[in-house]
Amino acid sequence: MAFKSDFINEIKTRGYIYQSSDIEDLDQIMSKKKITGYIGFDITSDSLHVGSLVQLMLLHWLDYYDHKSIALVGGGTTLIGDPSGKDKTRKILSKNDVEKNIQKISKTFSKFINLKKNSIIANNYEWLSNINYIDFLREIGSKITLNKMLTFESVKNRLDREQPLSILEFNYMLLQAYDFYHLNKNYNCVLQMGGSDQWGNIISGIDLIRRLNKKKCFGITSPLITNNDGSKMGKTADGAIWLDAKKLSNYEFFQFWRNIDD
């Protein structure tokens, strides 16, 4: 299928699209005007890893074609932990650790998006830290059903394996949906992108915006970069391939790709 917008054409050609919602409508909009899109990043380490590279490139191409990219750092959600793609509960970090990680990781974003032009870095701690829990449950919790959340792969896989899923982690989905809602309301953000394991969370945000803001928004996921055994390549795996040259030299980065099987 041929797309009209430069951005959709670019990422389609590069194989960055795994799932999408109403992409034909999004393509029509992007061929006529500039939009704002975002990707959220958990800040569980002081560097991003190669598993985040495709997401960074999505932000790059959005910025390249003069749309506005928002790199959303999870200063708030990282304090909870995303259950997506995980077999066990993440380690809980302190606020100080998260803040230090944000300062270091922010330097990586500047290599992919132009922070002096349209694009920005946002921190969801700014709005999540001010939420009144009772009001949040009434306004947001009432709009997202437990039935639907239980169908999401990130939840279903953990429960099928009879592995614990804490209430803390379960709330993560509500908060990510709220992020999209907040960015739509305050930044006119209409597109959320992410890895394929984020599809359920993205759909929840789209649905929440439709219910509360009465607006149509869109989602795109990319294929995950996986290890040889098919597992998600991440920070917690042995020998993580960091994007920060201070944690992994250019030579070691090159050697990893040189030696790995296709």
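Residues numbered from 1 in each chain as written. Predicted model: local features only at pLDDT ≥ 70, side-chain atom pairs only at ≥ 80, totals over all residues. Heavy atoms only, no water.

Draft legend 1. A look at helix H1 (residues 6–13). Among the residues of H1, those classed as buried are Phe7, Ile8, Glu10 and Ile11. Taken end-on, H1 shows its buried residues confined to a sector of 160°, consistent with a single buried face. Lining the buried residues of H1 we find helix H2 (23–32), helix H3 (53–64), strand E5 (189–195) and strand E6 (218–222). (Buried < 20%, exposed > 50% of the residue type's maximum accessible area, 1.4 Å probe, protein only. Helix = DSSP H or I, 4+ residues; strand = E, 2+ residues; numbered from the N terminus. Arc of directions from axis to C-beta. Contact = heavy atoms within 4.5 Å.)

Draft legend 2. Spatial organisation of the sheet that holds strand E3 (residues 68–73). Taken together, the six strands give an open sheet; going across it, the order is E1-E6-E5-E2-E3-E4, and neighbouring strands pair in mixed fashion. The open sheet has two edge strands with one neighbour each: strand E1 (19–20) and strand E4 (120–123). Where E3 lies against E4, four bridges are found, and the strand directions are parallel. Pairing of Leu72 across the sheet is with Ala122, part of E4. Most of the contacts of H3 go to strand E2 (residues 36–41), to which it runs at about 160°, and overall it touches E2, E3, E5 and E6. (Pairing = 2+ DSSP bridges. Axes fitted to C-alpha atoms, helices over the stretch in contact; angles between N-to-C directions.)

Draft legend 3. Structural context of the side chain of Asn184. Among the structural elements, Asn184 can be located in helix H9 (residues 167–187). Of note is the side chain of Asn184, whose polar atom sits 2.9 Å from the backbone oxygen of Cys189. When neighbours within four sequence positions are excluded, Asn184 is seen to be in contact with Cys189, Val190, Ile209, Asn213, Lys215 and Cys217. (Polar contact = N/O pair within 3.5 Å; in protein donor to acceptor, adjacent residues only side chain to side chain.)

Draft legend 4. Structural view of the nonpolar core. If you look at the biggest cluster of nonpolar residues, it comprises 68 residues, and the most contacted ones within it are Phe7, Phe41 and Met193. At 10 residues, H9 tops the list of elements feeding residues into this core. In this structure, Val50, Ile241, Trp242 and Phe256 belong to the second largest nonpolar core, which totals six residues. (Core = buried A, V, L, I, M, F, W, Y, C linked by side-chain atoms within 4.5 Å.)

Draft legend 5. Region of the structure containing the pattern of salt bridges. Applying the stated criterion across every chain, the model contains eight salt bridges. Its salt-bridge partner being Asp25, residue Lys216 comes within 2.6 Å of it at the nearest N-O pair. One end of the pair, Lys216, is in the loop between helix H10 (199–212) and E6; the other, Asp25, is in helix H2, and 191 residues separate them in sequence. A relative accessible area of 36% means that Asp25 is categorised as partly exposed. When the shortest N-O distance is used, the salt bridge between Arg210 and Asp207 registers 2.3 Å. Pair noted here: Arg210 and Asp207 are both in helix H10, with a separation of three residues, about one helical turn. (Salt bridge = Lys/Arg side-chain N within 4 Å of Asp/Glu carboxyl O.)

Draft legend 6. Examining H2 more closely. Listing the buried residues of H2 in full gives Ile23, Leu26, Asp27 and Met30. Within H2, the buried residues cover an arc of 100° as seen down the axis, which keeps them to one side.

Draft legend 7. Representation of the packing of aromatic side chains in the model. In this structure the tally under the stated criterion is nine aromatic pairs. For the pair Tyr178 and Tyr181, a centre-to-centre distance of 5.5 Å together with 50° between the ring planes defines the contact as tilted. With Tyr178 and Tyr181 both in helix H9 and three residues apart, this pair spans about one turn of that helix. The exposure class of Tyr181 is buried, given its relative accessible area of 6%. (Phe/Tyr/Trp six-rings, centres within 6.5 Å; stacked < 30°, edge-to-face > 60°.)

Draft legend 8. Main features of the state of the cysteines. Within this structure, the stated rule accounts for zero disulfides. Cysteine Cys189 remains unbridged, with the sulfur of Cys217 as its closest cysteine sulfur at 7.1 Å. Using a relative accessible area of 2% as the deciding quantity, one classes Cys217 as buried. (Disulfide = S-S within 2.5 Å.)

Draft legend 9. Representation of the packing of H1 against H3 in the model. As a packed pair, H1 and H3 sit with axes 9 Å apart at the nearest point and diverge in direction by 150°. By the criterion of interaxial angle, the relationship of H1 to H3 is roughly antiparallel. As H1 packs across H3, the resulting crossing turns out to be right-handed. Where H1 abuts H3, its residues Phe7, Glu10 and Ile11 lie against Leu58, Trp61 and Leu62. The class makeup of the residues in the contact of H1 with H3 is five nonpolar, no polar and one charged. (Parallel < 35°, antiparallel > 145°, perpendicular 65-115°, else oblique. Left-handed = near helix turned anticlockwise from the far one by under 90°. Nonpolar A, V, L, I, M, F, W, Y, C, P; charged D, E, K, R; others polar.)

Draft legend 10. Just the environment of Gly75, in detail. Relative to the helices and strands, Gly75 is located in the loop between E3 and helix H4 (95–109). With relative accessibility at 5%, the residue Gly75 sits in the buried group. Each C-alpha atom of the pair Gly75 and Ala2 lies 39 Å from the other, and the pair is 73 residues apart in sequence. When sequence neighbours within four positions are dropped, the list of residues in contact with Gly75 reads Val98, Ile102, Asn123, Asn124 and Tyr125.

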